[in-house]
Structures are given as structure tokens and as C-alpha cells.
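Observations on the model geometry
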Amino acid sequence: MALNFLQDNRKSIYVALLVILSVFLLLDYVPGMQACSAWVTPPVALFLGLAFALLCGQAHPKFNKKVSKYLLQYSVVGLGFGMNLQASLASGKEGMEFTILSVVGTMLIGWLIGRKMLKVDRDTSYLISSGTAICGGSAIAAVGPVLKAKDSEMSVALGTIFILNAIALFIFPAIGHALDMSQQDFGTWAAIAIHDTSSVVGAGAAYGEEALQVATTIKLTRALWIIPLAFVTSFIFKSKGQKISIPWFIFFFVLAMIFNTYVLATTEIGVQIGAGINDFARKTLTITLFFIGASLSRDVLKAVGIKPLVQGVLLWIVISMSTLAYIYWF
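Residues numbered from 1 in each chain as written. Predicted model: local features only at pLDDT ≥ 70, side-chain atom pairs only at ≥ 80, totals over all residues. Heavy atoms only, no water.

Now for the packing of aromatic side chains. Evaluated as defined, the whole model comprises 11 aromatic pairs. Their ring planes at 80° and their centres at 6.0 Å tell us that Phe 63 and Phe 291 sit as a pair that is edge-to-face. Taken together, the residues span a long stretch of sequence, with Phe 63 in helix H4 (residues 61-79) and Phe 291 in helix H15 (residues 268-294) at a distance of 228 residues. For Phe 63, a relative accessible area of 43% gives the class partly exposed. For Phe 291, a relative accessible area of 3% gives the class buried. Measuring from ring centre to ring centre gives 6.5 Å for Phe 81 and Phe 259, while their planes differ by 80°; the resulting arrangement is edge-to-face. Taken as a pair, Phe 81 in the loop between H4 and helix H5 (85-91) and Phe 259 in helix H14 (residues 248-262) lie far apart in primary sequence, 178 residues in all. Given a relative accessible area of 16%, Phe 81 falls into the buried group. Judged by relative accessible area, which is 41%, Phe 259 ranks as partly exposed. Through a chain of ring-to-ring contacts, the aromatic side chains of Tyr 14, Phe 52, Phe 63, Phe 290 and Phe 291 assemble into a single cluster. For the cation-ring pair, Lys 283 lies above Tyr 29, with the distance from its terminal atom to the ring centre recorded as 4.9 Å. (Phe/Tyr/Trp six-rings, centres within 6.5 Å; stacked < 30°, edge-to-face > 60°. Helix = DSSP H or I, 4+ residues; strand = E, 2+ residues; numbered from the N terminus. Buried < 20%, exposed > 50% of the residue type's maximum accessible area, 1.4 Å probe, protein only. Lys NZ or Arg CZ within 6 Å of the ring centre and 35° of its normal.)

Below is the structure:
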């Protein structure tokens, strides 16, 4: 009876959830109300969308698909206003070889586990590998449109990454203390083995101030790999007879970083403007994740199965262990 009610009123529930998420996110801009928006995180928005789709079914599918596509790209561009190009390049000089090795190695191992061992569909496997190799949801958000991935594939990949992020935030500091890792070593390990920047920052802060600085700097450098990955993706997955789809929004992402570094960062007002754009982009990305989650159906979820999660877990374990080995023995 309750399920029938939800399905019969899915359009109204869809609009209500969207309004609630948007209002609470915007409360962050109201003095004294910031705490009210703290619960609206990207994982929460994604899983609300997933819960809606699984309980109520799809609502406004055309609107949902169109808005999620464009809002995702705008959000990625907005995130560029929160990155400093000089700091990223400077921090990456020393560990550039290891960064290249870890990114390329993660993509190859992800392909081996996902495609060869588990037979996960091509796009979902590639998205999970991309999110693990670079910076979680941001990498998936950037690569997905280039790959022309379906919303269902994006949703499964993002869901897998966010589940592992939540786990890492709690267990990594405990493992670090158990192994008596230094602040420098833990920061390096967390930046490479934890997917999203938010969880890297959280784990680093829980371990110590130096670990936080190291982890944040290295993660910022790795985020730059979104750009070459997007272009490589456009070449690898070009269909026969099809022109290469140039990811124009990545160009604007680069321009946003350059503008933020050389124009906005030169004045106090400019810094505030860049931070404001970046913050708003994170909010629109959160709403986008609700759209992506709401596009998933029970039939698609049954067809996907548990294999993507298994791929994500196995790949995560391999990267975590290999990074620890590198830190201790090289």
C-alpha cells in the first residue's frame, strides 16, 4: 500500500525532495543558518536520489536527464575556481614519477579487475577506475560526459566511490596510528588511496595538522590529471566513423583555474569571489548527484549487480597496499 502511494505520487515527491535539498543548501548563505545545510552532502544527495528511484520509480525523466548533463559540466567548471595552478604544479614536482605510475597503474589494474576478472560493463568499470585513480566523484563527473556514460552507469560508479569514501574516513586514521605512520607518510598515503578530496581532508585532519597539509597538497596535484584523462578518454572511446567529441567544458575548467590563479588570487576581493564560485559549484554538483541518482531504476540495478562494488573494493585494496609498500620500502 505504501509503495503504491509513493509510486502514484512520485512526481510530487520528486519536486518536494529537489526543493528541500536546494533550500537547505542555500541556507548556508544565511547568517546563523549554516549548520542547517551541513547534512546535505554529495553522498546524501546521491542516495536520496537512489532511494527515490528505487521506491518511487522515475519521474520527469527528460527533464532529469537534460538538467543533470549540463549542470554537471557547469559544476566541474566552477570547481576550477577553487584550484591554484601554481601551487598544484609546484607541489607535484618531487613526486611526479610516482603520481604518473600510480594513476596509470590504477587505470590498468582497474581494467584488469573490472573487465577481465568480473566482466563489469565497460563504462561503469572505467568510471570506477577513474574515480579511484584521481579524485573520486570529481573525476567521474568530468570523465562521464566525455565517455557519454549513461546516468545509471554514473550513479553506480558514484555510489561505489562514496561508500568506500565513507569507510576510509573512519578506518584510515586508525590504521595509520596502528602502523605508527609519520604525519608525512600518512598524508601521502591518504591522498593517493582515498578517493574524494573531502574524505582526504577529513582523514588528514583527524591524523594531524602536517598530515592534513601534505594530503591536501598531493590531492590537489592529482586533481590536475582530470584534464589529460578526459582527453585520453575522448580518443580511446571514439567509435568507428565518429568524430572525436572534444570535452569543451574541460577547456573552461582550465581557464577557470588560470583565471583564479593569475587574476582573482591577486586581490582579497578576487579570492573571495573565487571561493564563492567554487562553493556554489560544489552545491550545484550536490544537486546534480540527486538528479543522477534519481535516474536509476530497479531493473538497471538488478542488471548491474554487485560486481561494480567488488571491483571498487578490490581496486581500493590493491592501491592502498601498494602505496603503503612504496612509502615504506622506496
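Take the packing of helix H9 (residues 151-178) against helix H10 (residues 183-193) next. Geometry of a packed helix pair, given as the angle between the helix axes and the separation of the axes. Across the interface, H9 lies against H10 with an axial gap of 11 Å and an inter-helix angle of 145°. Relative to H10, the crossing made by H9 is right-handed. Listed contacts from H10 to Phe 172, Pro 173, Ile 175 and Gly 176 of H9 are Phe 186, Trp 189, Ala 190 and Ala 193. For the contact of H9 with H10, a count of residues per class yields 7 nonpolar, 1 polar and no charged. (Axes fitted to C-alpha atoms, helices over the stretch in contact; angles between N-to-C directions. Left-handed = near helix turned anticlockwise from the far one by under 90°. Contact = heavy atoms within 4.5 Å. Nonpolar A, V, L, I, M, F, W, Y, C, P; charged D, E, K, R; others polar.)

Even without being a glycine, Lys 119 presents a positive backbone phi close to 60°. Along the chain, Lys 119 falls in the loop between helix H6 (96-117) and helix H7 (122-133). Located in the positive-phi region is Lys 148, a residue other than glycine, with phi close to 60°.

Once that is clear, we can look at the pattern of salt bridges. Two side chains that carry opposite charge are able to pair once their charged atoms sit near each other. By the definition in use, this model includes 3 salt bridges. In this structure, Arg 122 engages Asp 123 in a salt bridge whose closest nitrogen and oxygen atoms are separated by 2.9 Å. Its relative accessible area of 9% is what places Asp 123 among the buried residues. We note a salt bridge from Asp 279 to Lys 283, for which the minimum N-O separation is 2.8 Å. Of the two residues, Asp 279 and Lys 283 both sit in helix H15, 4 residues apart, roughly one turn of that helix. Using a relative accessible area of 25% as the deciding quantity, one classes Asp 279 as partly exposed. For Lys 283, a relative accessible area of 10% translates into the label buried. What emerges from the salt-bridge pattern is a single network uniting Asp 28, Asp 279 and Lys 283. (Salt bridge = Lys/Arg side-chain N within 4 Å of Asp/Glu carboxyl O.)

Attention now goes to the packing of H10 against helix H17 (residues 307-329). Where H10 contacts H17, the axes come no closer than 9 Å and their chain directions differ by 150°. By the angle between their directions, the pair H10 and H17 is classed as roughly antiparallel. Considering the relative orientation of H10 and H17, their crossing is right-handed. Between H10 and H17, the residues in contact are Asp 185, Thr 188, Trp 189, Ile 192 and Ala 193 and Trp 316, Ile 319, Ser 320, Thr 323, Leu 324 and Ile 327, respectively. Taken together, the residues of the contact of H10 with H17 break down into 7 nonpolar, 3 polar and 1 charged. (Parallel < 35°, antiparallel > 145°, perpendicular 65-115°, else oblique.)

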